[in-house]
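# Structural overview
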There are 2 protein chains.
Amino acid sequence: MKIFITGQYITKFGELWDRGLNELLIEAMDGAITSAGLEPKDIEAIFVANKAAGNFEDQHHLNAIASQHFSHYPPAVRVEAACASGSLAVVAAEQALAAGTYKTVLVVGVEKMTDVSSEMATHILSGATDVHLEAGSTFPALYALLAQQHMAEYGTTREQLSAVAVKNHLHALENPEAQFHKKFTLDQVSQSLLVADPLRILDCSPISDGAAAVVLTSHPSSGSPQILGWGQGQDSIDLANRASLTTLQATKTAAKHAFARAKLTPTDIQVAEVHDCFTIAEIFAIEDLGFVPKGSGGAATLDNRTTTSGNVMINPSGGLKACGHPVGATGVKQVAYLAKLLKQGQYQVGLTHNVGGSGATAVVHILKG
Amino acid sequence: MKIFITGQYITKFGELWDRGLNELLIEAMDGAITSAGLEPKDIEAIFVANKAAGNFEDQHHLNAIASQHFSHYPPAVRVEAACASGSLAVVAAEQALAAGTYKTVLVVGVEKMTDVSSEMATHILSGATDVHLEAGSTFPALYALLAQQHMAEYGTTREQLSAVAVKNHLHALENPEAQFHKKFTLDQVSQSLLVADPLRILDCSPISDGAAAVVLTSHPSSGSPQILGWGQGQDSIDLANRASLTTLQATKTAAKHAFARAKLTPTDIQVAEVHDCFTIAEIFAIEDLGFVPKGSGGAATLDNRTTTSGNVMINPSGGLKACGHPVGATGVKQVAYLAKLLKQGQYQVGLTHNVGGSGATAVVHILKG
């Protein structure tokens, strides 16, 4: 069965002090339906991605909040897999379409993170680790360990990490919905506030509010981007039990299944939205997805091989790093942003890569225009 | 496509001070796999139902916790819809089987609720209401409003409410895993501590720890219970915007779709596990599911027409009221318990009914032995 993305919408990402959770959710749903040229009554079911509205906003049962926006109350469900919630909501929607249960469905991801203190947000996000084995570990600390290991094993440098941030902040200048619109130099990133050695504040994606939505349909839809394949991988949630600390095995597994389903290889991909929650995470991603040889991700980035001048454009939206990272929205935003680019015609084949936690869950989608 | 339940397992429900979240999750998964006569490697994917481990236990990303119990790290996802999480995880699994993505999958529901204070548990559970429009409302308060309205409109009595509790506590005596094994009289229920008029402490389901799991397969499996149909209904999350306060429209919608898919009617159902989070909720359920005429649920219960001597056996497990209500586990436990009864051969056709919040989400499954 062919599944098409006929509509997509991304709200402004940022510290949106004047916007509430439900408001962002509704803006994204309405925007995607309008983008698809549909009426609300055409939506047969809703798949909501959200990590932690129960913690950030005391609001559980978000599927009901989404459904009641429609006078026909379509069936709705929430999907969660930490920061990979968005892409797994897309997968859940695909399964329901492939089962023939529905023909046209809505996927919406949302997170409202700025109504709690930074300390509380850090605590909530840390719930995506193993809270027993990694008690007290923040995500910057875990990714710092991965960065240290990658630097020791492959000679990845401080400057190469900074190159990821510089590139993604440059890309975000072209994305009006991005959280940040500010150029940085390599030195500015390298000398920014230390968070967890070697990661500095400008290596980290921000705390963000935002929502994104896509309309998926199994009706024939010429001219709409098509989902060619998806894959999901899992690994140990805690770093201590991983086979390697310089590869995310979950990403490799997800990519293997997605490429097999799409009958494509990494060299076919022209553009990718990858999960750069930290600069080091983008280096892992482009290596583990097969775009560059293992260990060469930092050099490839510093050599401008992952931007307009390279073979594969990485994170044209600005990525999590500069576009922002409202965690439940991110996986949906990646698919929505890529669908928009494919509709515009500059690229024909693209990929999205969404990671949960420090790499226990990873999901890859491959789309063609 | 035919979908069979080849294995099921329910842990002890109760205040399990010596059992942790992960431990309960693993006991249920292992138990269901053993019950199905399978090996762990046979599980192709896992669907985890949980309402609020991120609040009760600070643990998000529960799909990864489930997956890492298996050396082959099967893909896993968490599904949430407040107290209807369990049944919607079963639906998500059915969709993936019907899509042909997997042939054999595991559904596991779990909740560990007793590591926080009762006040905190009440607060967390209230997150399944509309936190803006119903700010401060606890679930007993919302169901008390529904009970008042039902009493005013149909003459439902205090004694009839008590009859639900007396019956379900009697049924629980036959269920070793039930949280409570204690007989009550009508007077004991009617004179128990007032919580929210007219609901008393013995009208309410308890705070519980527990887990349940089922193995679903699309492989032919003669002798295993089969899922004949399912349905999902939604309604406004807040009571103020409902068309009626004496009917759960979501239950009626879910039942309509489930009966249509199963090509059956309410008179075909011999046994049902329904969502009796409060005694009044069982009265609503048996009316809205079509087992008894609207308004007569209380009388039917007091007349012993919903137990062994009646046409339809309601809540043989003891229901949420006496078996216990670990919220994320409940919907899976209903399916698991019914599957066990159907395997034993006493009944041939049964139904499960799972509700989220005060009725914004409802899910019905129909099974045959």
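A brief report on the enclosed structure follows.

Rules used in this analysis
- Residues numbered from 1 in each chain as written.
- Chains lettered and ligands numbered in written order.
- Predicted model: local features only at pLDDT ≥ 70, side-chain atom pairs only at ≥ 80, totals over all residues.
- Buried ≥ 20, exposed ≤ 12 C-beta atoms within 10 Å, placed from the backbone.
- Helix = DSSP H or I, 4+ residues; strand = E, 2+ residues; numbered from the N terminus.
- Pairing = 2+ DSSP bridges.
- Least-squares fit on C-alpha atoms with pLDDT ≥ 70 in both.
- Contact = placed C-beta atoms within 7 Å.
- Nonpolar A, V, L, I, M, F, W, Y, C, P; charged D, E, K, R; others polar.

On to the pairing of strand β3 (residues 76–80) of chain B, then. Across the five residues that make up β3 of chain B, a large majority, five, are buried. Bridge analysis of strand β3 (residues 76–80) of chain A against β3 of chain B gives three bridges, and the strand direction is antiparallel. Opposite E80 of chain A, over in β3 of chain B, you have R78 of chain B as the bridge partner. Strand direction decides the pairing type here: strand β2 (residues 45–49) of chain B and β3 of chain B, joined by four bridges, are parallel. From the neighbouring strand, F47 of chain B faces β3 of chain B, where its bridge partner is V77 of chain B.

Before going further, it helps to spend a moment on the relation of the copies chain A and chain B. Each copy superposes on the other: chain A lies on chain B with an RMSD of 0.0 Å after a rotation of 180° and an axial shift of 0.0 Å. Within this description, the copies of the chain are treated as partners about a two-fold rotation axis. The position closest to the rotation axis in chain A is occupied by the C-alpha of A99 of chain A, lying 2.0 Å away. With an isologous cut-off of 70% or more, the 100% of interface residues of chain A that recur at the interface of chain B puts this contact in the isologous class.

Moving on: the interface of chain A and chain B. Opposite the 42 residues of chain A that make contact, chain B presents 42 residues. The residue inventory of the side of chain A that touches chain B, partitioned by class, reads 20 nonpolar, 17 polar and five charged.

With that settled, the discussion passes to the pairing of strand β4 (residues 104–111) of chain A. Every regular strand shows the same layout, with side chains that alternate between the two sheet faces. Residues and elements named next belong to chain A. A large share of β4 lies buried, amounting to eight of its eight residues. Where burial is concerned, the two faces of β4 agree: the one with T104, L106, V108 and V110 and the one with V105, V107, G109 and E111 are both buried. As defined by bridge partners, strand β2 (residues 46–49) adjoins β4 across four bridges and the pair is classed as parallel. Its bridge partner lying in β4, A49 is registered against G109.

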